[in-house]
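A closer look at the structure
As a plain string of letters, each chain reads:
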Amino acid sequence: MSAHLELSGPEQPAPSPLLDPDEPAPVVIERADSRSPLVFVADHAGRRLPRRVGDLGLAAADLERHIAYDIGILPVAQALARAFEAPLVAQTYSRLVVDCNRPLHVAQSIPEISELTAIPGNLDLQDAARQARVEAIFRPYHGAIEALLEARSKLGLRTVLIAMHSFTSVFKGIARPWLIGLLYNRDARLARLLLELLNRDSAPYVGDRLPYVVHDESDYTLPVHGERRGLAHVGIEIRQDLISEPAGQREWAGWLEGMLRQALDRLP
């Protein structure tokens, strides 16, 4: 009989000074006990704002933009995770509250400006207010990923970490022509295989370490959960206008499923 994959952690989370009891949890976990080799995570899946931060001084239209969340990525990540019967860990609050893919000491952890838009509700935050956001959202999300990966490690399960993101087609007035990008830093095992497959397929314009380069000061999830654990990993960035509607989400999830299956077969 196979051992059951159990996640360790406190039975009752401590009450949050930021989130009211009736507000959604900051992290959604699907198929935590799956033994699939793939684990999907989505740092910027949601655009919800905690009631206590109000609207951060932004117009409603700003919260529909890329500055608030990765448009279209949650349905794509969910479809891929279902296809592989794999775990998915997704963060449900806006990156404008606290960015779960930024080290806590950098300015963009709680941005005062995002792209070219000022975030009034993030100006002059007291330390207690900043820490409340970290404890309510950042730590539960990364704690869930850490618990999942640790439980899999104890069972000796093969784990390949896939961080799902989308990117805007224009950033600070500069067009980004890539349709998909692969992100990595020191460990290119999976990225190199995928780059070869994606380019051979010739469907998209593929960005190698584009639209940006992962490093320890700009990113958190892949350096901490991927590199430090020695897991094969990659960040997949899809241009958001391609997955803003259900048809595009289904198309890209299906296409990426095929690429990932081929890459897994070739990954040592």
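The following paragraphs examine the structure supplied in this document. (Residues numbered from 1 in each chain as written. Predicted model: local features only at pLDDT ≥ 70, side-chain atom pairs only at ≥ 80, totals over all residues. Heavy atoms only, no water.)

1. So, the pattern of salt bridges
For the coordinates displayed, the defined rule picks out 18 salt bridges. Ionic pairing is found between arginine 139 and glutamate 135, a salt bridge with its closest N-O pair at 3.0 Å. A residue pair is termed a helical-turn pair when its members lie 3 or 4 positions apart in one helix, as arginine 139 and glutamate 135 do in helix α2 (residues 127-154) at 4 residues. Classification of arginine 139 as partly exposed rests on a relative accessible area of 40%. Between arginine 229 and glutamate 150 there is a salt bridge, with the nearest N and O atoms lying 2.8 Å from each other. (Salt bridge = Lys/Arg side-chain N within 4 Å of Asp/Glu carboxyl O. Helix = DSSP H or I, 4+ residues; strand = E, 2+ residues; numbered from the N terminus. Buried < 20%, exposed > 50% of the residue type's maximum accessible area, 1.4 Å probe, protein only.)

2. Some remarks on the side chain of aspartate 43
Along the chain, the position of aspartate 43 falls in the loop between β2 (38-42) and α1 (73-83). The buried charged residue aspartate 43 lacks any salt bridge, with arginine 102 as its nearest oppositely charged partner at 6.9 Å. A distance of 2.6 Å separates a polar atom in the side chain of aspartate 43 from a polar atom in the side chain of tyrosine 141. Of note is the side chain of aspartate 43, whose polar atom sits 3.4 Å from the side chain of histidine 165. With sequence-adjacent residues up to four places away left out, aspartate 43 is seen in contact with Gln91, Cys100, Asn101, Tyr141, Met164, His165 and Thr221. (Lys, Arg positive; Asp, Glu negative; His and termini not counted. Polar contact = N/O pair within 3.5 Å; in protein donor to acceptor, adjacent residues only side chain to side chain. Contact = heavy atoms within 4.5 Å.)

3. Some details on the packing of α1 against helix α5 (residues 246-266)
At their nearest, the axes of α1 and α5 sit 9 Å apart, and the two run at 45° to each other. Classified by the interaxial angle, the pair formed by α1 and α5 is oblique. Crossing geometry of α1 relative to α5 is assigned as right-handed. Packed against α1, whose contacting residues are Pro75, Val76, Ala79, Leu80 and Ala83, the element α5 presents Gln249, Ala253, Leu256, Glu257, Leu260 and Arg261 at the interface. Residues belonging to the contact of α1 with α5 are distributed by class as follows: 8 nonpolar, 1 polar and 2 charged. (Axes fitted to C-alpha atoms, helices over the stretch in contact; angles between N-to-C directions. Parallel < 35°, antiparallel > 145°, perpendicular 65-115°, else oblique. Left-handed = near helix turned anticlockwise from the far one by under 90°. Nonpolar A, V, L, I, M, F, W, Y, C, P; charged D, E, K, R; others polar.)

4. Some words on empty space enclosed by the protein
Applying the stated criterion across every chain yields a total of 1 cavity of 30 Å³ or more. Its boundaries defined by the atoms lining it, the largest cavity holds a volume of some 50 Å³. Only β6 (160-167) and α4 (221-227) provide two or more residues apiece to the lining of the largest cavity. It is α4 that contributes the most residues to the lining of the largest cavity, 3 residues altogether. (1 Å grid on protein atoms, 1.4 Å probe; cavity = no way out; pocket = protein on both sides within 12 Å on 5 of 7 lines; lining within 4 Å. Points joined across faces, edges and corners; volume = space filled by probe spheres on them.)

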